[in-house]
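# Inside the fold
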Amino acid sequence: MATSVLIVDDAIFMRRMIADILKKEGFEIVGEAGTGAQAVEKYRDLQPDLVTMDIIMPDMSGIDAVKEIAKEFPNAKILMVSAMGQQSLVVEAIQAGAKDFVVKPFQPSRVLESVKRILSMN
Amino acid sequence: MDLNQIIVFELENKLYSIEINYVMDVYEYMESIRVPNSEDYIEGIINLRGNVITLINLKKRLKIDRNKKEKNVIICEFNKEKFGLTVDEIIGIENIDKTVNTDYDSGFVKGFIERDNREIMIIDLGRIITKT
Amino acid sequence: MNTSKYEKLFISEAIDYIEQISDSILELEREPNNIESVNSIFRGLHTIKGMAASMGYGDITQIAHQLEDIIDLVKNGKIKLYKELIDILLKGNDYMEMLVQKKPVDPDILRSFRSVLKSIEAGSEKSIESKTSELVKTVTGNVLDIIFEDDVVLKAARAFVVMKAIQDTGYYNDCAPSYNDILEGKFEKNFKVELKDNAPIQDLIKQIKSIPEIKDVKHLAEKQIKNKIEDKSYDIDESGIKVKNDIRVSLDRLDNLQNFASELVIARGRLQQLAYGLQDNELINSLNNTSKIIANIQDEVMKIRMVPVWQVFDRYPRYIRDLSNNLKKNINFEIKGRSIELDRSLLNTLADPLLHLLKNSVDHGIELPEERLSANKSEQGTLILEAKRLKNAIMISVTDDGKGIDENRILIMAIKKGLVTEEQAKNMSKQEILNFITYSGFSTREKANDISGRGVGVDAVKNILKKIGGSFEIHSEYGKGTTFNLKVPLTLAIIKSLNIRVEKERYIIPLTHINETIDIPTTEIQNIMGREVFVLREDVIPIIRLSDLFNIDTNKEKAKYSLVIVNVEDNDFALLIDEFIEQTEIVVKSLKGILSDIKGLAGITILNDGMPSFIIDVPGIFEMAKVR
């Protein structure tokens, strides 16, 4: 079965881009969310194998979403997708339970590298 | 050869026609709602399957003396505008050579052809629906 | 990566963010302490930066990045807001918009703009280079040297991922430089980690190497390391929250939905008539239930289409601000009733007319500060754009406290243009004179200028309002100011109206214009100086017979009539008809082609029985009656 992915970003544009990268590699995009709150809700519903998570979003940040998700699902595999200049937020997200991060603009290969690493973790 | 068809009808015993590619339907004459403060040749408006269509009294438009009451309405579409023309008898459909006499220009008529020794005027729809 | 297929989405979304930023900058100008505006600007810039970077648009990315840095300084209180800074932020936003829309921007201008941004940043405390402190720390024993790639983007964050991975294994002992320094990115290309003696070195190396941006991991033994510190990292506070739970729907789709819903309403009416004609109770009952559902659908569709007026109003402050700066005018622009809702396409239709009226007020209405002072007015002029809810309509008004309209000049113009004779002019009311402005091609300015001379004129504004079933009025007091009132129906497509009859003809009057309706016996119609009037609560109200204006054949005087009292330009008049049929909701179809511009008609609708009927243009009727 294909690896299921939930994509979280407030910009439709970024969601599309990430989705395209992952779809090409055979991942199945099972859901998208535009806010942290939606992300938590969708995670509960879908329990995907992987989440890509933007940091700065309206209505609950990506970090709070990571915290919420990690509280209920400690093994959630979350990849932070960050813009430049969010260093301390990335650190905070990883402390909160995110497994890795990529920085916009990203190379597809880099995203895939991180994704593979995350998925291989126990 | 480039052929075209026209629908031929009468206005006070003279023959007129419209190119058939503009014609959507033909109905018997029907009552319409008067349009106040409009030009005299605007007969009224009707509801045709949800579309409001303006009827133009072709005799009044062409300034032909009116003795008979019109029997038919030809629904046309020109430049995306739908409208109806009230006419007397519908005679039928004729094939014409597209190029015949179309340079003939006189008011609302853009050409004519002859059939059985009768002259058939071809109406210029664009002028009919343009306010003058 | 090929990004061209994302371009359309990028542009439309980036423009949204740019508008949000522009709104927030202006908000910030009004309320310099509004932290939510700062956060909103910050979020917007940040998102654009990420998006532009992903598209490979360097210029946009850099401008967004620099603006973001400046906003960050504002946020942290390191820069105080001042007017020029607001201008610069707006300018930067403009450049981003131009670049997003692929409009040409002179690279030299862009370069110098960016150096301005840089100097602002440099002028603040923040840009003082983080001090480099010499620090020596040693690790010994089982040491891994972790070497980063040259182009690692977030070094500190990457380092943290590495550190966490090692700590999670339980073999971590110590590191060099210090843990804090590493997490702040204060190392060059590598740092060292000391592991416990029993650590499975090869496994760990493999695991760390799988982390992105790690170039190499080497096993060292007992070495000393010196590290210099460089680089600075900046942090961002967590930003505020703004809800955005919407989906995007194209206006075309909404229009389609609205049309279908409207047709459903008409079809329902026809079905009901049939059902009542058949007197089949079962049919009537089930139709009544269906009716309720249809009413709900119609209601919801209408609600979907309703948007608050600020969606258009908020575009103006920026414009007014620039325009008044250009014209050296000092104007306080206020918007009132921002949250009042209006049909979306209706609001869009009004966007240009309103802009024109606002321009008019800035350009011709409000005086220069020195002129105002010498006229004993406050130096700063006031321009108010206001939306108000009326009973069956919305009133939008543009009010300025400028110099007002000189009626005498208008009248002279009107006489000169032959619109009125000198004799007629003597008896004209102020309102009638002001109305000349709405005549096409009428302007008291000899030459059209750049600002209001182009595009829509006041006559066009009036025509647009006629088309949408509204009305347009001008009030002005010379020396004191001018108000333009735009009365618009709540929705464009479906309006509440009165269905009336004169002889055999039926017409529709939109409720927007109606004050009240009265039945009177013919004996109450009085004749004063050749004009028919009647007295309503001590007011003398002129009567206009619809049959006269529409040339409807009337047989003979009836014993009683109905009157529709309407109000146009502050004048009440009574439209005399035979009877009221019913109050209905109608779907407006516009008059097109050969039917356009017919006096006294504003549109067409199809009634419940399937017959088409004309909608009366009430202000137009008033004009017609005045001419007689």
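A count of helices and strands for chain A gives five helices and five strands. Counting helices and strands in the order they occur from the N terminus, chain A gives β-α-β-α-β-α-β-α-β-α. Expected size for 122 residues packed as a compact globule is a radius of gyration near 14 Å; at 13 Å, chain A falls within 12% of this value. With respect to the principal axes defined by its C-alpha atoms, chain A has extents near 30 × 30 × 30 Å. When each of the 122 residues of chain A is scored for burial, the buried share is 63%. When the accessible surface of chain A is totalled, it reaches about 4,500 Å², and 46% of it is carbon and sulfur. Here chain A carries 14 positive and 17 negative side-chain charges, and the mean point of each set is 4 Å from the other.

So, on to the overall build of chain C. Counting its regular elements, chain C contains 20 helices and 24 strands. Among the 628 residues that make up chain C, the fraction classed as buried is 50%. Taking all contacts inside chain C whose residues are at least 6 apart in sequence as the whole, residues at least 24 apart take part in 71%. On chain C, roughly 31,200 Å² of surface is accessible, and the fraction owed to carbon and sulfur atoms is 48%.

In this section: the environment of V307 of chain C. Residue and element names in this part refer to chain C. With respect to the secondary-structure elements, V307 resides in strand 7 (residues 306-308). In this structure, the C-alpha to C-alpha distance between V307 and I500, residues 193 residues apart in sequence, is 32 Å. Here V307 is in contact with I340, E341, L342, R344 and L347, once residues within four sequence places are set aside.

Moving on, we get to the sheet that holds strand 3 (residues 50-54) of chain A. Residue and element names in this part refer to chain A. Strand order in the open sheet made by the five strands is 2-1-3-4-5, with parallel pairing throughout. Strands at the two margins of the open sheet, each flanked by one partner only, are strand 2 (28-33) and strand 5 (100-103). Neighbouring strand axes in the sheet, compared pairwise and without regard to direction, differ in orientation by 20° on average. Examined bridge by bridge, strand 1 (residues 4-8) and strand 2 share five bridges and lie parallel to one another. For V8, the partnering residue across the bridge sits in strand 2 and is A33. Lying on the sheet, helix 5 (residues 108-120) is in contact with strand 3, strand 4 (78-82) and strand 5; it crosses strand 5 at an angle near 175°.

Time to look at the domain arrangement of chain C. Here chain C is partitioned into domain 1 (4-127), domain 2 (135-227), domain 3 (251-304), domain 4 (310-406 + 444-489) and domain 5 (495-627). Taking only C-alpha atoms into account, the centre of domain 1 of chain C sits 37 Å from that of domain 2 of chain C.

A large share of helix 4 (residues 87-96) of chain A lies buried, amounting to seven of its ten residues. Among the residues of helix 4 of chain A, those classed as buried are Q87, L89, V90, V91, A93, I94 and A96 of chain A. If you follow the buried residues of helix 4 of chain A, they end up packed against helix 3 (62-72), strand 4 and strand 5 of chain A together with helix 6 (155-169) of chain C.

The next thing to look at is the interface of chain A and chain C. Listed per partner, the contact involves 42 residues of chain A and 46 residues of chain C. Its salt-bridge partner being R158 of chain C, residue D100 of chain A comes within 2.7 Å of it at the nearest N-O pair. Viewed at the interface, chain C and chain A are joined by eight residue pairs in polar contact (both at pLDDT 80 or more). Mapped by element, the contributors of at least two residues to the side of chain A that touches chain C are helix 1 (12-24), helix 4, strand 5 and helix 5 of chain A. A per-element tally of the side of chain A that touches chain C places helix 4 of chain A first, with eight residues. Here the residues of the side of chain A that touches chain C are counted per class, giving 20 nonpolar, ten polar and twelve charged.

Neighbouring strands of a sheet are bound in pairs by backbone hydrogen bonds; such pairs are parallel or else antiparallel. Residue and element names in this part refer to chain C. Within the open sheet, the six strands sit side by side as 16-20-21-19-18-17. Their pairing is mixed. Two strands in the sheet have a free side with no partner beyond their single neighbour: strand 16 (514-521) and strand 17 (526-528). Between one strand axis and the next, the sheet turns through 40° on average, direction left out of account. Looking at chain direction, strand 20 (residues 560-568) and strand 21 (residues 571-577) are connected through seven bridges and run antiparallel. Bridge pairing in strand 21 links N567 to D572. The sheet strands contacting helix 20 (residues 618-627) are strand 19 (539-545), strand 20 and strand 21, and the helix crosses strand 21 at an angle near 90°.

For the rest of this paragraph, the subject is the arrangement of the chains. Among the two pairs of chains in contact, the pair with the most contacts is chains A and C. Across the gap from chain A to chain B, with no contact made, the nearest C-alpha atoms are 38 Å apart.

Turning to helix 3 (residues 58-75) of chain C, a few remarks are in order. All names here are of chain C. Spanning 18 residues, helix 3 covers 25 Å between terminal C-alpha atoms, matching the ideal 26 Å at 1.5 Å per step. Taking burial as the measure, the 18 residues of helix 3 include 15 buried ones, the bulk of the element. Count one or two residues on from helix 3 and you reach G77, which has phi positive near 70°.

Okay, the interface of chain B and chain C next. Counting residues at the interface gives 19 residues for chain B, matched by 24 residues for chain C. Of the roughly 1,700 Å² buried at the junction of chain B and chain C (both faces included), carbon and sulfur atoms supply 63%. Between the two partners, chain B and chain C, sit one salt bridge. We note a salt bridge from R34 of chain B to E505 of chain C, for which the minimum N-O separation is 2.5 Å. Looking at the side of chain B that touches chain C, the elements with two or more residues in it are strand 4 (42-48) and strand 5 (51-57) of chain B. The element contributing the most residues to the side of chain B that touches chain C is strand 4 of chain B, with four residues.

To continue, consider the side chain of S562 of chain C. With respect to the element layout, S562 of chain C can be found in strand 20. A distance of 2.5 Å separates the side chain of S562 of chain C from the side chain of D519 of chain C, its partner in a polar contact.

Tallied over the full model, the rule gives 50 salt bridges over all chains. Note that K59 of chain B is salt-bridged to E70 of chain B, the shortest N-O span being 3.9 Å. Residue K59 of chain B is located in helix 1 (residues 58-61), and its partner E70 of chain B is located in the loop between helix 1 and strand 6 (72-78); the two are separated by eleven residues in the primary sequence. Given a relative accessible area of 3%, E70 of chain B falls into the buried group. The salt bridge involving E532 of chain C is made with R545 of chain C; its shortest N-O contact spans 2.7 Å. Here E532 of chain C is found in strand 18 (residues 531-536), whereas its partner R545 of chain C is found in strand 19, with 13 residues between them in sequence. Since its relative accessible area comes to 25%, E532 of chain C is described here as partly exposed.

Rules behind the numbers
- The residue count restarts for each chain, going from 1 along the sequence in the order it is written.
- Numbering of ligands from 1 and lettering of chains from A proceed in the order in which they are written.
- With the structure being a predicted model, the display of local features is reserved for residues of pLDDT at least 70 and the display and counting of side-chain atom pairs for 80 or more, all residues being used for whole-chain, interface and lining totals.
- As a convention, hydrogens and water are excluded, and side-chain values are obtained from all of the structure's heavy atoms.
- Every helix listed is a DSSP run of H or I at least four residues long, and every strand listed is a run of E at least two residues long, numbered separately from the N terminus.
- Here the globule rule is a power law, 2.2 Å times the number of residues to the power 0.38, and the radius of gyration is based on C-alpha atoms.
- Note on classification: 1.4 Å probe, protein chains only; a residue is buried when its accessible area is under 20% of the maximum for its type, exposed when over 50%, partly exposed between these limits.
- Every accessible area reported is derived by Shrake-Rupley at a probe size of 1.4 Å, with residue values counting cover from the shown protein chains alone.
- Residues counted as positive are Lys and Arg, residues counted as negative are Asp and Glu, and His and the chain ends are not counted.
- Charged groups are reduced to one reference atom each: NZ for lysine, CZ for arginine, CG for aspartic acid, CD for glutamic acid.
- The contact definition used throughout considers only heavy atoms, calling two residues in contact when any of these lie within 4.5 Å.
- Strand pairing requires that DSSP identify at least two bridges connecting the strands.
- Lines are fitted to the C-alpha atoms to define the axes, a helix being fitted only along its stretch in contact, and any angle between axes, read from their N-to-C directions, falls within 0 to 180 degrees.
- Each domain's limits were defined by an automated method or a database of domain assignments.
- The salt bridge criterion pairs a side-chain nitrogen of Lys or Arg with a carboxyl oxygen of Asp or Glu, the two atoms within 4 Å.
- N or O atoms closer than or at 3.5 Å make up a polar contact, with two conditions inside protein: a donor-capable atom paired with an acceptor-capable one, and, for residues adjacent in sequence, both atoms drawn from side chains.
- All residues other than Ala, Val, Leu, Ile, Met, Phe, Trp, Tyr, Cys, Pro, Asp, Glu, Lys and Arg, Gly among them, are scored as polar; the first ten of these are nonpolar and the last four charged.
- Multiply 1.5 Å by the residue count of a helix minus one, and that product is the helix's expected span.
- Buried area: the accessible area, evaluated with a 1.4 Å probe, that two parts lose upon being put together, summed over both parts.

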